[in-house]
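Listed below are the residues making up each chain.
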Amino acid sequence: MKELINIALPKGRLGEKVYSMFEAVGYDCPSIRENNRKLIFENEAAGVRYFWVKPSDVTIYVERGAADIGVAGKDILLEYAPDVYELLDLCTGNCRMAVAAPVGFRDDPSRTLRVATKFQNIAKTYYGGQGREIDMIHLNGSIELAPILGLSDVIVDIVETGTTLRENHLEVVENIVPISARLIANKASYQFKNAQIRELTERLAECVAKKQAGAEA
Ligand code: PRP
């Protein structure tokens, strides 16, 4: 019998969307739709075993081979640079990494800029590329609070709908990079389960292409 492909999905809304894509191309696992607290689901007939993991942990499972493949945001891939293959842009979970500041903020380039973020490496690379000196303030969430309370001048964070910024009187001052969900693979698994992983990737790629064509029509 064929070995199952172990798939780490990000728990939450994005994971559910992504699972629907896997399901649509033949990798269904009906038990995953049951409302319970289980974290592992498998369907031998379809050759898959899914795990729900914290979104920022997907790359850890995949890099260490506990999962063969997984779905992670480009933000996490840029921030942590895990040693994995990035196989496919799933063109979902679209958002952007941006610099935001209180409405009307005027930057004084001669001063050190205080930057609050969860994404220290992305911020370091971005400001490093501009030769700008910054004081990095590492926070773990509710980043938008920092400039409101005077803890930082700006934030580097994810903007999806822009609602959080608007509701806190902040605005985007610079876009850094577009973000979307990516299919990633463990490097060894990609060799050992090559045919299975490539088949799955090709089917998902077709599904993404069809969706994109539909969206453009
Ligand atoms: C993310 C991000 C923003 C928000 C952006 O936060 O850090 O706060 O979503 O989305 P919007 O543009 O649609 O408002 P998340 O919900 O992940 O929580 P966090 O505060 O823990 O970062």
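Remember, predicted model here, so these are calculated numbers, not experimental data.

A. Seen up close, the layout of surface pockets. There is about 780 Å³ of room inside the largest pocket. Taken together, 29 residues form the lining of the largest pocket, with Leu-14, Pro-55, Asp-75, Ile-76 and Ile-158 sitting closest to its centre. For the lining of the largest pocket, the elements supplying multiple residues, two or more each, are α1 (13-24), β4 (69-73), α3 (74-80) and β9 (154-159). If you tally residues by element for the lining of the largest pocket, the top one is α1, at four residues.

B. Spotlight on the site of the ligand. Near the ligand you find Lys-118, Gly-141, Ser-142, Glu-144, Asp-157, Ile-158, Val-159, Glu-160, Thr-161, Gly-162, Thr-163 and Thr-164, and these make up its full shell. In this structure, an oxygen atom belonging to the ligand sits 2.7 Å away from a side-chain N or O atom of Asp-157. Between the ligand and Thr-161 there is a distance of 2.5 Å, counted from an oxygen atom to a side-chain nitrogen or oxygen. Looking at the shell around the ligand, the elements with two or more residues in it are β9 and α6 (163-167). Among the elements that take part in the shell around the ligand, β9 stands out by supplying three residues, more than any other.

C. Molecular detail of the packing of aromatic side chains. Going through the model one piece at a time under the given rule, you end up with four aromatic pairs. Consider the rings of Tyr-19 and Tyr-50, whose centres lie 5.3 Å apart with planes at 85°: the pair is edge-to-face. Of this pair, Tyr-19 sits in helix α1 while Tyr-50 sits in strand β3 (residues 48-53), placing them 31 residues apart in sequence. The pair Tyr-19 / Tyr-50 is uniform in exposure class, with both members buried. Look at Phe-22 and Tyr-50: their rings are 5.9 Å apart centre to centre, the planes differ by 85°, and that puts the pair in the edge-to-face class. Of this pair, Phe-22 sits in helix α1 while Tyr-50 sits in strand β3, placing them 28 residues apart in sequence. Per residue, the accessibility class of Phe-22 equals that of Tyr-50, and both read buried. Within the aromatic cluster, the residues linked to one another by ring pairs are Tyr-19, Phe-22 and Tyr-50.

D. Representation of the pattern of salt bridges within the structure. Throughout the structure, instances matching the rule amount to 11 salt bridges. The partner of Glu-42 in a salt bridge is Arg-49, and the shortest N-O contact between them spans 2.7 Å. Look at Glu-42 and you get partly exposed, because its relative accessible area is 39%. Exposure remark for Arg-49: the relative accessible area of 25% places this residue in the partly exposed category. Two residues, Glu-86 and Arg-182, come together in a salt bridge whose shortest N-O distance is 2.8 Å. Residue Glu-86 is found in strand β5 (residues 85-89), and its partner Arg-182 is found in strand β11 (residues 181-185); the two are separated by 96 residues along the sequence. A cluster of three or more residues bridged by salt bridges with shared partners is formed by Lys-74, Glu-86, Asp-89 and Arg-182.

E. Molecular detail of the sheet that holds β3. Strands sit in the order β2-β3-β1-β4-β11-β5 across an open sheet of six strands; the sheet is mixed. The outermost strands of the open sheet, each flanked by one partner alone, are β2 (40-43) and β5. Across the sheet, the mean angle separating the axes of adjacent strands is 25° when strand polarity is ignored. Judged from the five bridges that link them, β4 and β11 form a sheet pairing that is antiparallel. Opposite Ala-72, over in β11, you have Arg-182 as the bridge partner. Contacting β1 (5-10), β3, β4 and β11, α1 crosses the sheet at an angle of about 145° to β1. Running at roughly 30° to β5, helix α8 (residues 194-216) makes contact with β1, β4, β5 and β11 of the sheet.

Reading the values: rules and limits
- Residues numbered from 1 in each chain as written.
- Predicted model: local features only at pLDDT ≥ 70, side-chain atom pairs only at ≥ 80, totals over all residues.
- Heavy atoms only, no water.
- 1 Å grid on protein atoms, 1.4 Å probe; cavity = no way out; pocket = protein on both sides within 12 Å on 5 of 7 lines; lining within 4 Å.
- Points joined across faces, edges and corners; volume = space filled by probe spheres on them.
- Helix = DSSP H or I, 4+ residues; strand = E, 2+ residues; numbered from the N terminus.
- Near = heavy atom within 4 Å.
- Polar contact = N/O pair within 3.5 Å; in protein donor to acceptor, adjacent residues only side chain to side chain.
- Phe/Tyr/Trp six-rings, centres within 6.5 Å; stacked < 30°, edge-to-face > 60°.
- Buried < 20%, exposed > 50% of the residue type's maximum accessible area, 1.4 Å probe, protein only.
- Salt bridge = Lys/Arg side-chain N within 4 Å of Asp/Glu carboxyl O.
- Pairing = 2+ DSSP bridges.
- Axes fitted to C-alpha atoms, helices over the stretch in contact; angles between N-to-C directions.
- Contact = heavy atoms within 4.5 Å.

Geometry only, nothing functional implied.
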